[in-house]
Amino acid sequence: MDMNILSRLTDDEMRLLKRCEELFSRAENGVPSVTQFLSPREQYIIRNRLSAMFLTDESDPLCFFFGGYPSAQRRMLCTLPAYCRYTLTDGDGEISAFRAEFPHAIIPLRIRSGGYVNLTHRDFLGALTGLGIDRSVMGDIITDDDGAIIFVCETIADFIKNELVYIGRDKVKVCDIALPEDFDRAPDFEAVRGTVASPRLDAVLSELACCSRETAKTVIRQGLCEHNYFTAAAADAAVSDGDVISCRKTSGCKGGKFIIDSLDELTSKGRIRLAARRYT
């Protein structure tokens with residue numbers, strides 16, 4: 001990890017890294033372990049700072065993230081002893097290993113709304129945190145026509161079923177839900193394609209957020225842009241495939257959150273082709 005980023009970690013994030021190192025050591029000694037739910041920023045920090053934990057050598061513990069379904073955004077870090085590698089099969093091997101070692105670590109719950117109010121993700125999350133529930137024991141919240149499906153730690157599931165009765169003015173009912181093993185719900189994306197003069201952050205942000213390059217520089221300078229979950233520090237920062245860029249909507253700037261898919265192929269005029277996805 002870039003030392004500049006390392007110096008910007010919070011005390012909690014430094015303690016999280018230490019905790020993950022301890023879990024890896026436990027896995028080396030044959031003890032499987034799992035964290036609580038981690039944010040995308042926390043996952044990024046762990047994967048970059050502790051990259052050696054994710055090596056694929058058969059003698060190393062098996063480390064991966066899982067949040068209850070393949071496309072989950074909030075996920076747990078799972079560290080399994082090396083012998084677990086022998087149980088893996090093609091396809092969803094890591095998911096199967098997680099479920100075998102921790103069958104009750106992640107509990108899906110159905111929150112069924114009354115249908116009188118159009119509840120949003122923010123409404124569900126606000127009601128849950130209003131009960132004093134820490135975000136780390138809650139995974140993704142998937143909204144649908146019936147209300148929502150939420151993935152939670154086993155330790156909090158019964159409390160939510162008993163205590164969550166109202167969300168705003170809408171009465172809700174919480175119950176267990178049995179999801180098929182192949183359940184998945186990928187985020188909705190809008191494809192973004194264009195060309196940029198260089199892979200600099202200001203040039204890429206200008207194309208993504210439909211603003212001028214000067215506006216992009218202003219957004220970055222004002223601290224309104226994040227690059228890989230950290231406030232962007234410089235307009236000339238290099239952008240690479242897989243990077244995550246987000247910025248707030250401001251005057252002259254569309255804003256949004258984007259994943260860079262590719263940024264390498266040159267056009268006949270020497271510009272760089274950009275392919276990205278915008279969260280909708």
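Residues numbered from 1 in each chain as written. Predicted model: local features only at pLDDT ≥ 70, side-chain atom pairs only at ≥ 80, totals over all residues. Heavy atoms only, no water.

Looking now at the overall build of the chain. Each helix and strand in the chain was counted, giving eight helices and 15 strands. Against the 2.2 N^0.38 benchmark of 19 Å for 280 residues, the chain shows a C-alpha radius of gyration of 21 Å, consistent with a compact globule. Summarising its shape, the C-alpha atoms of the chain cover approximately 55 × 55 × 35 Å along the three principal directions. A buried classification covers 45% of the 280 residues belonging to the chain. Carbon and sulfur atoms provide 47% of the accessible area of the chain, an area that totals close to 14,900 Å². Positive and negative charge centroids in the chain, built from 35 and 41 side chains respectively, lie 7 Å apart. (Helix = DSSP H or I, 4+ residues; strand = E, 2+ residues; numbered from the N terminus. Rg over C-alpha atoms; globule rule 2.2 N^0.38 Å. Buried < 20%, exposed > 50% of the residue type's maximum accessible area, 1.4 Å probe, protein only. Areas by Shrake-Rupley, 256 points an atom, 1.4 Å probe, with all protein chains shown as cover. Lys, Arg positive; Asp, Glu negative; His and termini not counted. Charge placed at Lys NZ, Arg CZ, Asp CG, Glu CD.)

So, on to the packing of helix α7 (residues 201-208) against helix α8 (residues 213-221). Here α7 crosses α8 at 110°, and the two axes come no closer than 8 Å. For the element pair α7 / α8, the angle class is roughly perpendicular. Considering only the axes of α7 and α8, their crossing is right-handed. Only Arg-213, Ala-216, Lys-217, Val-219 and Ile-220 of α8 make contact with α7, whose side of the interface consists of Leu-201, Asp-202, Ala-203, Leu-205 and Ser-206. Its residues assigned to classes, the contact of α7 with α8 shows six nonpolar, one polar and three charged. (Axes fitted to C-alpha atoms, helices over the stretch in contact; angles between N-to-C directions. Parallel < 35°, antiparallel > 145°, perpendicular 65-115°, else oblique. Left-handed = near helix turned anticlockwise from the far one by under 90°. Contact = heavy atoms within 4.5 Å. Nonpolar A, V, L, I, M, F, W, Y, C, P; charged D, E, K, R; others polar.)

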